[in-house]
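Listed here are the chains, written in short residue letters.
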Amino acid sequence: GRRAQRLWAVAFQAGAAAALAGGAVHGFAAALTPLAHDVLWKAVLVGIGLAGSLILAGAVLATLTGRWQTAFLAGAAGQLAVYLALVSRSNDVRIAVGNGALTILALLALAPTTASRHPRRLAWILLALGLMAAALVVQRSGLAAGILNHNDICHLLQTAALWHFYRAGLLL
């Protein structure tokens, strides 16, 4: 449980670093040099991928044992490697959205192993995943509401999801 919690803690740190870099990109875009913009945006993409993979790895450690654990950890590492290779060549946010969707599906695949032993943790994870999935849909849809554009709504949903992931992490 402690290793899983540590991975989730580092995932939150990676997510916070990505959020800080993303806020700088969105908030100071007009003042950034092209190089500074590219470096910050790359930090966003790497941080997002790392955060998702660490949450997945922590969930694997908390729910699986033996060969299944090894296989899922190898899958998470492989997913991260492919993701990092893709974002090293591109700044397209669709890569992050696709990677996030794969991470959500992998976490959902782990859900049945948690259901009987830890129903409260499962509930927090499912709520978090639902909010993250909604955020990805909004990001791709271009939905706007009043003064909020699709990025704003996406980030609000992700922020709400983080609370639910935090609550699930306390139960690892």
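Residues numbered from 1 in each chain as written. Predicted model: local features only at pLDDT ≥ 70, side-chain atom pairs only at ≥ 80, totals over all residues. Heavy atoms only, no water.

Caption draft 1: Geometry of the nonpolar core. If you look at the biggest cluster of nonpolar residues, it comprises 24 residues, and the most contacted ones within it are W8, I55, L56, L107, L110, L129 and F165. Leaving out residues up to four positions away in the same chain, L56 has contacts with A76, Q79, T103, A106, L107 and L110. By size, the runner-up hydrophobic cluster in this structure holds 8 residues, among which are A21, W41, V44 and V87. (Core = buried A, V, L, I, M, F, W, Y, C linked by side-chain atoms within 4.5 Å. Buried < 20%, exposed > 50% of the residue type's maximum accessible area, 1.4 Å probe, protein only. Contact = heavy atoms within 4.5 Å.)

Caption draft 2: Fine view of the environment of A4. Summarising the element assignment, A4 is placed in helix α1 (residues 2-27). As for A4 and V138, which are separated by 134 residues in sequence, their C-alpha atoms are 30 Å apart. With sequence-adjacent residues up to four places away left out, A4 is seen in contact with G58, L61, A62 and L172. (Helix = DSSP H or I, 4+ residues; strand = E, 2+ residues; numbered from the N terminus.)

Caption draft 3: Expanded view of helix α4 (residues 93-115). Here α4 contains 23 residues, and its C-alpha end-to-end distance of 33 Å stays within 8% of the 33 Å for a straight helix at 1.5 Å per residue. Within α4, the axis deviates most sharply at A109, by approximately 30°, and proline P112 lies no more than four positions further along. Residues A96, V97, N99, T103, I104, A106, L107, L110, A111 and T114 constitute the buried set of α4. The elements touched by buried residues of α4 are α2 (34-63), α3 (66-89), α5 (119-141) and α6 (150-170). (Expected span 1.5 Å × (residues − 1). Bend = angle between axes of the 7 residues up to and from the residue.)

Caption draft 4: Structural detail: α5. Its 23 residues give α5 an end-to-end C-alpha distance of 32 Å, which sits within 8% of 33 Å, the value for a rise of 1.5 Å per residue. All of the buried residues along α5 are R121, L122, I125, A128, L129, A135, L136, V138 and Q139. Contact partners of the buried residues in α5: α1, α2, α4 and α6. Remark: G142 follows α5 within two positions and exhibits a positive phi of approximately 80°.

Caption draft 5: View of the side chain of R121. One can find R121 in helix α5. Although R121 is buried, it forms no salt bridge, and the closest oppositely charged side chain is D152 at an N-O distance of 32 Å. Apart from the residues within four sequence positions on either side, R121 is in contact with A62, T63, T114, A168, L171 and L172. (Lys, Arg positive; Asp, Glu negative; His and termini not counted. Salt bridge = Lys/Arg side-chain N within 4 Å of Asp/Glu carboxyl O.)

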